Amino acid sequence: MKALVISGGGSKGAFAGGVAQYLIQELKRDYQLFIGTSTGSLLVSHLALNNIKKIKSVYTSVNNDSIFNVCPFIIKEKHGTQNIAINHLNVLINFFRGSKTFGESYNLKKLIQNTLTEDEFMYLKNSTKDIVVTVSNLSLNHVEYKCLRDFDYEEFVDWIWISCNYTPFMTLVKKSGCEYADGGLGSMVPIEEAISRGATEIDAIILQTEVTQFNRMPSKNAFSLLTNMFAFMLDRIESQNIKIGKYVASHNGAIINFYYAPTVLTTNSLIFNKEKMTKWWESGYNFAKTKNKEISTLEN
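Just so we're clear, the structure is a prediction, and the values are computed from it rather than from any experiment.

Quick notes on the rules
Residues numbered from 1 in each chain as written. Predicted model: local features only at pLDDT ≥ 70, side-chain atom pairs only at ≥ 80, totals over all residues. Heavy atoms only, no water. Disulfide = S-S within 2.5 Å. Buried < 20%, exposed > 50% of the residue type's maximum accessible area, 1.4 Å probe, protein only. Axes fitted to C-alpha atoms, helices over the stretch in contact; angles between N-to-C directions. Helix = DSSP H or I, 4+ residues; strand = E, 2+ residues; numbered from the N terminus. Parallel < 35°, antiparallel > 145°, perpendicular 65-115°, else oblique. Left-handed = near helix turned anticlockwise from the far one by under 90°. Contact = heavy atoms within 4.5 Å. Expected span 1.5 Å × (residues − 1). Salt bridge = Lys/Arg side-chain N within 4 Å of Asp/Glu carboxyl O.

### Examining the state of the cysteines
Part 1 of the reasoning: Under the counting rule described, the total for this entry stands at zero disulfides.
Part 2 of the reasoning: Of all cysteine sulfurs, the one in C71 lies closest to C164, which takes part in no disulfide; the gap is 16 Å.
Part 3 of the reasoning: In this structure C164 comes out as buried when scored by relative accessible area, which is 7%.

Written out as structure tokens, the structure reads:
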């Protein structure tokens, strides 16, 4: 069984979309299983539908207002580099409202509802494909994988949204008596889960470089420090997920084809810049094209 696994990575998901477009449209990969974490969870339903034009339109037009109804930071650009600083007013208002997070991401939930229709959901539910998203259950301290066929439309939209909620900057969701957050906090690259569900060949799109190519710039403020700390932790989680995935694959006879980002796309994936994301989508497509040409040349 062929599976497509897409890691978390915020705005860098545009690159994953480009890679997946080439694999599905040009190489005609017929995946039976689609598993995504965070931004990957936004992509997988549309990729399973082969509705790439629609999801590409979203990823190349979205901005921070499309994600946040309460944005906890402001973006400052200096010497061509974008940094974030705390939006004191929004954060204070959010705390006065009783929120446990700096910002709120209900606009993202609306975007998911407007992008994935109930008819499309029912089509997938009646198909033979499995679509799975990753969420972190903070109350029970474990990772959960939510399969589309197990839920109704509203519930699955919630799970997609939850998978993307990068707390404490985005909404913390309470569901079934538990607090849930971004799936990447527990499993950035769910290769092991794909194998446990029967995958024998996996295309894994990883939204970071295979080898660390930069040292982070010094933190400018408390928010900058917090995002750097979370980025460090998520990078470590991703590295461990890949190592475990390789180990499990070797013991189950599964093949993994890795598609790492060839360059550092951004050092802050919470910044959604439609011009940059448009370029990342195209670079993802071209990267997959080049990589597969190189593989064909070596095989011949």
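Having seen it, we continue.
### A few points about the packing of helix α1 (residues 13-26) against helix α3 (residues 52-59)
Part 1 of the reasoning: The contact between α1 and α3 brings their axes to 10 Å, and the two run at 165°. Here α1 lies roughly antiparallel to α3, going by the angle between them. As for how α1 packs across α3, the hand of that crossing is left-handed. Mapping the contact onto sequence places G13, A14, Q21, I24 and Q25 in α1 and I52, K56 and Y59 in α3.

### Some points on the environment of I131
Part 1 of the reasoning: Structurally, the position occupied by I131 is in strand β5 (residues 130-137).
Part 2 of the reasoning: Between the alpha carbons of I131 and V143 there is a distance of 16 Å; along the sequence they are twelve residues apart.
Part 3 of the reasoning: If near-sequence neighbours (up to four positions away) are discounted, I131 is found in contact with F34, V44, S45, A48, L124, K146, C147, L148 and F156.

### Comments concerning α1
Part 1 of the reasoning: A rise of 1.5 Å per residue sets the reference length of α1, with its 14 residues, at 20 Å; its end C-alpha atoms lie 19 Å apart and thus fit the reference within 8%.
Part 2 of the reasoning: The set of residues buried in α1 consists of G13, A14, F15, A16, G17, G18, V19, A20, Q21, Y22, L23 and I24.
Part 3 of the reasoning: Following α1 by one or two positions, K28 adopts a phi angle in the positive range, close to 55°.

### A short note on the pattern of salt bridges
Part 1 of the reasoning: According to the stated counting rule, one finds eleven salt bridges in the structure shown.
Part 2 of the reasoning: In this structure, the salt-bridge partner of R29 is D203, at a minimum N-O distance of 2.4 Å. Separated by 174 residues along the polypeptide, R29 in the loop between α1 and β2 (33-37) and D203 in strand β9 (residues 201-206) bring together distant segments of the chain. For the pair formed by R29 and D203, the shared burial category is buried.
Part 3 of the reasoning: Counted as one network, the salt bridges with shared partners bring together K109, D158 and K175.

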